[in-house]
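The residues making up each chain are set out below.
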Amino acid sequence: MGEAPSAPAGSPSSVRPLKVAIVGSGGVGKSVVSATLARTLARRGRDVLAVDLDPNPGLAYSLGLAPSDAGLPPETTIEVKGGLYGWGPAPEVDLATGAMTLSRLAPDGVRYLSPGKIDGKTVNKSEVKRCLGTVRLLVDHLTAPWDIVADLEAGTTTPYEGYARFAEVIVVLATGSWRSCLAARRLCALLPSVPLVVVASKTAPGASDAARWGLPVQHHIPFDPEVAAAERRGLAPLDACSDAPALSAVASLADLLLKVAP
Amino acid sequence: MKIVITGKGGAGKTTIAGALARHLAHAGHAVVALDCDPNPMLGITLGFGPERTEAAPAVLNMLVEMGHTHNDPDPDPEGLLEQFGVEGADGLRLLTVGRVEQLEGACVCCGSHSTTRKLFSNLPHDGRIVLADLEAGLNDLIWAHPGREDVVVAVAEPSAKGVEIVRRACQLSETLGVSRLVAVANRASPSDAENLSRVTGVPAFAIPEDPAVAAADRDGAAPYDTDPSTPAVLAIGELVGWLGVPKRPAAEQPLPAG
Ligand SMILES: Nc1ncnc2c1ncn2[C@@H]1O[C@H](COP(=O)(O)OP(=O)(O)OP(=O)(O)O)[C@@H](O)[C@H]1O
Ligand SMILES: Nc1ncnc2c1ncn2[C@@H]1O[C@H](COP(=O)(O)OP(=O)(O)O)[C@@H](O)[C@H]1O
Ligand SMILES: [Mg+2]
Ligand SMILES: [Mg+2]
């Protein structure tokens, strides 16, 4: 893959968009990192679409957006033979911009796109499938120069199923635990061949456990009691503790990603 | 008796499933531990160690290799258990459902995949205890489809997201007709459990934050083996009583004559 010249910073229209997926085993901090990364990029004047690819509640809390189970309005999707899960965008939806027009406004001007949530009342997943297939196609086809930050479901299944295929760089999160590092290794083995950035998340001060398990760790996000306390209350870390060290670590992750992305 | 363990990612499902299975097997129960996470880790918390956990055959991968498709009838779960189950401490058997990163292009959304995802419901109710450790989130709970005779254990760390997912898991279980439902507040205080019980409307049990569990995990070991009397492992032992499992298995049933 050839190196693209880096665009001058600070002029959003000429900035090459960052298209990043965040993966990792359960509870490693994917939603915290996705939300903070999205808002950090938006605060720098970039146009950012945060895509929630997890049908379980999560990303909206960390973004500071009132959680909602709503997916896409019925008139925006149609059944298509051979489409993802048999569904795709309706003809009226512009493929190139649909991901933006169907998104909701979140703090700092981030746009939030969600295929909806499994609501606990119905055991029929057809509603989530209808929206998920469409959201994935729209994200693949978005041509506007927007950053995309996608928060994937825990584990290896959806990365295996190609949920990260829009991404030009993928962040693989692991904590100090043996199991999350094993999951990270499994993820590295199955992800598409784009640059992978392995990040040790929720690390203890001075610890290098993830490195200990043979992962090429490129960045650390410390375990931060203020972040944990904010999440306990369901608040966005950036709203509850904007000076927390873990959040500065996400800001420097943004710099790293902009350097690494093709 | 059949038990499923569900909850948010990282809430402690696998930790609890592993120690619970060990407690039950130690008390003399015949235990089948079903690792339903396609990113399987249950072998670690059961005490198989990293190498044996990685080497355990996975049903989905074996079926794909054997050319099994969604047009074929579901294989007999007993046969799969016999063929692919591996034996651990106190006679417990671990059956690993799938290992996604080794599938190399096979479809996981239908066919063999749903076959393996139906393993839990296809195993009969008998004297054994089937303990299924699910993949994170509500999707796998719907796949496992627990029913009236099953027990659901829904695990949350005391975070807003974790509690909300467990609230939904309890609601889903009730919709499915599950009559015995326990919420677990993991890495939590008794007051966190009270809060969880209030939100979900089901009894909730607290398991404390325990550095010994984290230490075992850093080494790829089972907490039950590193220290069976550490607070979290003891608490998981007490959880057994909440599930309606007899402390000791019923005496061997005489085989029907004939
Ligand atoms: N840097 C951090 N410092 C302290 N706690 C953190 C940090 N990052 C995340 N957490 C805690 O870890 C928990 C899990 O985080 P989060 O929900 O972002 O994980 P996730 O990977 O999205 O989980 P899931 O797999 O369930 O989607 C949160 O409740 C939060 O309290
Ligand atoms: N009671 C506890 N005390 C300390 N650490 C725990 C406790 N329960 C779980 N953990 C740790 O939390 C992490 C996630 O647990 P795990 O069982 O893998 O969750 P899940 O199966 O729900 O994804 C692991 O690193 C585990 O060691
Ligand atoms: Mg999440
Ligand atoms: Mg698990």
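Note that the structure is predicted; figures quoted are calculated from it, not measured.

What counts and how
- Residues numbered from 1 in each chain as written.
- Chains lettered and ligands numbered in written order.
- Predicted model: local features only at pLDDT ≥ 70, side-chain atom pairs only at ≥ 80, totals over all residues.
- Heavy atoms only, no water.
- Pairing = 2+ DSSP bridges.
- Helix = DSSP H or I, 4+ residues; strand = E, 2+ residues; numbered from the N terminus.
- Contact = heavy atoms within 4.5 Å.
- Axes fitted to C-alpha atoms, helices over the stretch in contact; angles between N-to-C directions.
- Salt bridge = Lys/Arg side-chain N within 4 Å of Asp/Glu carboxyl O.
- Buried < 20%, exposed > 50% of the residue type's maximum accessible area, 1.4 Å probe, protein only.
- Parallel < 35°, antiparallel > 145°, perpendicular 65-115°, else oblique.
- Left-handed = near helix turned anticlockwise from the far one by under 90°.

What follows concerns the sheet that holds strand β1 (residues 2–7) of chain B. Residue and element names in this part refer to chain B. In space, the 8 strands of this open sheet follow the order β3-β4-β2-β5-β1-β6-β7-β8, with mixed pairing throughout. The sheet is open, and its two edges are formed by β3 (86–87) and β8 (204–207), each paired on a single side. Bridge count for strand β6 (residues 151–156) against strand β7 (residues 180–186) is 6 bridges, and the pairing is parallel. Directly across from V152, in β7, lies its bridge partner L181. Helix-sheet contacts for helix α13 (residues 231–242) involve β7 and β8, and the interaxial angle to β8 is about 165°.

All names here are of chain A. Counted according to the given criterion, the structure contains 25 salt bridges over all chains. Where D108 meets R43, a salt bridge forms, and the shortest distance between an N and an O atom there is 2.9 Å. Placement of the pair is D108 in the loop between β5 (104–105) and β6 (111–113) and R43 in helix α1 (residues 30–43), with a sequence separation of 65 residues. Overall, R43 belongs to the partly exposed group, its relative accessible area being 48%. For the salt bridge of R46 with D147, the shortest nitrogen-to-oxygen distance reads 2.6 Å. Pair noted here: R46 is in the loop between α1 and β2 (48–53) and D147 is in strand β7 (residues 147–152), with a separation of 101 residues, a long-range link. On the basis of relative accessible area, R46 is assigned to the buried category, the value being 14%. Take D147: its relative accessible area is 1%, and that puts it in the buried class.

This brings us to the pairing of β2 of chain A. Residues and elements named next belong to chain A. Most of β2 sits inside the fold, with 6 of its 6 residues counted as buried. Alternating positions in β2 separate into two faces, V48, A50 and D52 on one and L49, V51 and L53 on the other, with burial throughout. Relative to β7, β2 is paired through 6 bridges, and the arrangement is parallel. Within the sheet, the bridge partner assigned to V51 lies in β7 and is A150. Where β2 lies against β6, 3 bridges are found, and the strand directions are parallel. Bridge pairing in β6 places V51 opposite L113.

Moving on to the packing of helix α9 (residues 160–175) of chain B against helix α10 (residues 190–200) of chain B. All names here are of chain B. Between α9 and α10, the shortest axis-to-axis distance is 9 Å and the interhelical angle comes to 45°. Between α9 and α10, the crossing angle belongs to the class labelled oblique. For the element pair α9 and α10, the recorded crossing hand is right-handed. Between α9 and α10, the contacting residues are V163, V166, R167 and C170 on the first element and L196, V199 and T200 on the second.

The values reported here are purely geometric and, on their own, carry no functional implication.
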